[in-house]
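# Tertiary structure, described
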Amino acid sequence: MRANVTQLSLIALLASASAGQANPEISNPSCVATEVKLVYNCQFDLLEDSHPVTDAEIAVGASMPSMPMAHNVKPVTSFESTEMPGQYLYDLELAMAGEWLVIFDISQPMRDRLQKKFMFNADGSVEQFDRGDE
Ligand SMILES: [Cu+2]
């Protein structure tokens, strides 16, 4: 009896541990300047265990680490590419050039908040750093 209870709680523990292991990853994030100054077409892949995650709901916002509270970008909804399942597209409109933290708020199929750091240069070029300040 006692062993059964222990086994059951072990199973419950393992089940909750694996359920909590949802480990989404923002992969290949990029942004390209448009003809409109400070407006960018951006995209990324959402992966989990190296597999594309489809039908995800992800809002994307941005903030400037060097100017906290100065100008947060209102989050926009990303849309999944019709050609590339697991790839998501969004348009980013920034307040100024400089270093921005782009924030990905995932609400489906898992909940997570991930971020990536970008340098948006005044000439329209964009550099992406490996990771945000996670
Ligand atoms: Cu600023």
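For clarity, every value in this text was computed on a predicted model and none was experimentally measured.

### With respect to the coordination of the copper ion
Looking at the metal site, the copper ion is ligated by Met64 (SD), Met67 (SD), His71 (NE2) and Met96 (SD), spaced 2.1 to 2.3 Å from it. Metal-centred angles of 94 to 125° between the four donor atoms at the copper ion mark the site as tetrahedral. Every donor residue of the copper ion comes from the same chain, spaced as M-x2-M-x3-H-x24-M. Of this pair, Met67 sits in the loop between strand 4 (57–63) and strand 5 (73–77) while Met96 sits in the loop between strand 7 (87–93) and strand 8 (98–108), placing them 29 residues apart in sequence.

### What to know about the packing of aromatic side chains
For the structure shown, the criterion picks out six aromatic pairs. With a centroid separation of 5.9 Å and 55° between ring planes, the pair formed by Phe44 and Tyr90 is classed as tilted. In this pair, Phe44 is assigned in strand 2 (residues 39–48) and Tyr90 in strand 7, connecting sequence segments 46 residues apart. Given the relative accessible area of 3%, Tyr90 is considered buried. Centroid distance Tyr90 to Phe104: 6.2 Å. Interplanar angle 85°. Geometry classified as edge-to-face. Within this pair, whereas Tyr90 is found in strand 7, its partner Phe104 is found in strand 8, the two being separated by 14 residues in sequence. Each member of the pair, Tyr90 as well as Phe104, is classed as buried.

### Section: the environment of Gln115
Structurally, the position occupied by Gln115 is in strand 9 (residues 112–120). With relative accessibility at 15%, the residue Gln115 sits in the buried group. For the pair Gln115 and Ile103, spaced 12 residues apart in the sequence, the C-alpha separation amounts to 4.4 Å.

### Quick look at the sheet that holds strand 9
In spatial order, the strands read 5-4-8-9-10; together these five strands make up an open sheet with antiparallel pairing. Looking at which strands have only one partner, the edges of the open sheet turn out to be strand 5 and strand 10 (126–128). Direction aside, the axes of adjacent strands within the sheet are offset by 25° on average. The pairing of strand 9 with strand 10 spans three bridges and is antiparallel. Bridging across to strand 10, Met119 finds its partner in Glu127.

### Considerations on the pattern of salt bridges
Per the counting criterion, the structure on display carries two salt bridges. Salt-bridge contacts for Glu99 lead to Lys117; the nearest nitrogen and oxygen are separated by 3.8 Å. Separated by 18 residues along the polypeptide, Glu99 in strand 8 and Lys117 in strand 9 bring together distant segments of the chain. Take Glu99: its relative accessible area is 28%, and that puts it in the partly exposed class. For Asp105, the salt bridge goes to Arg113, with nearest N and O atoms at 2.9 Å. Exposure remark for Asp105: the relative accessible area of 26% places this residue in the partly exposed category. Residue Arg113 is classed as exposed on the basis of its relative accessible area, which comes to 52%.

So, how was this worked out
- Residues numbered from 1 in each chain as written.
- Predicted model: local features only at pLDDT ≥ 70, side-chain atom pairs only at ≥ 80, totals over all residues.
- Heavy atoms only, no water.
- Donors = N, O, S within 2.8 Å, 3.2 Å for Na, K, Ca; no water.
- Tetrahedral: all angles 85-135°; square planar, octahedral: opposite > 155°, others 65-115°.
- Helix = DSSP H or I, 4+ residues; strand = E, 2+ residues; numbered from the N terminus.
- Phe/Tyr/Trp six-rings, centres within 6.5 Å; stacked < 30°, edge-to-face > 60°.
- Buried < 20%, exposed > 50% of the residue type's maximum accessible area, 1.4 Å probe, protein only.
- Pairing = 2+ DSSP bridges.
- Axes fitted to C-alpha atoms, helices over the stretch in contact; angles between N-to-C directions.
- Salt bridge = Lys/Arg side-chain N within 4 Å of Asp/Glu carboxyl O.

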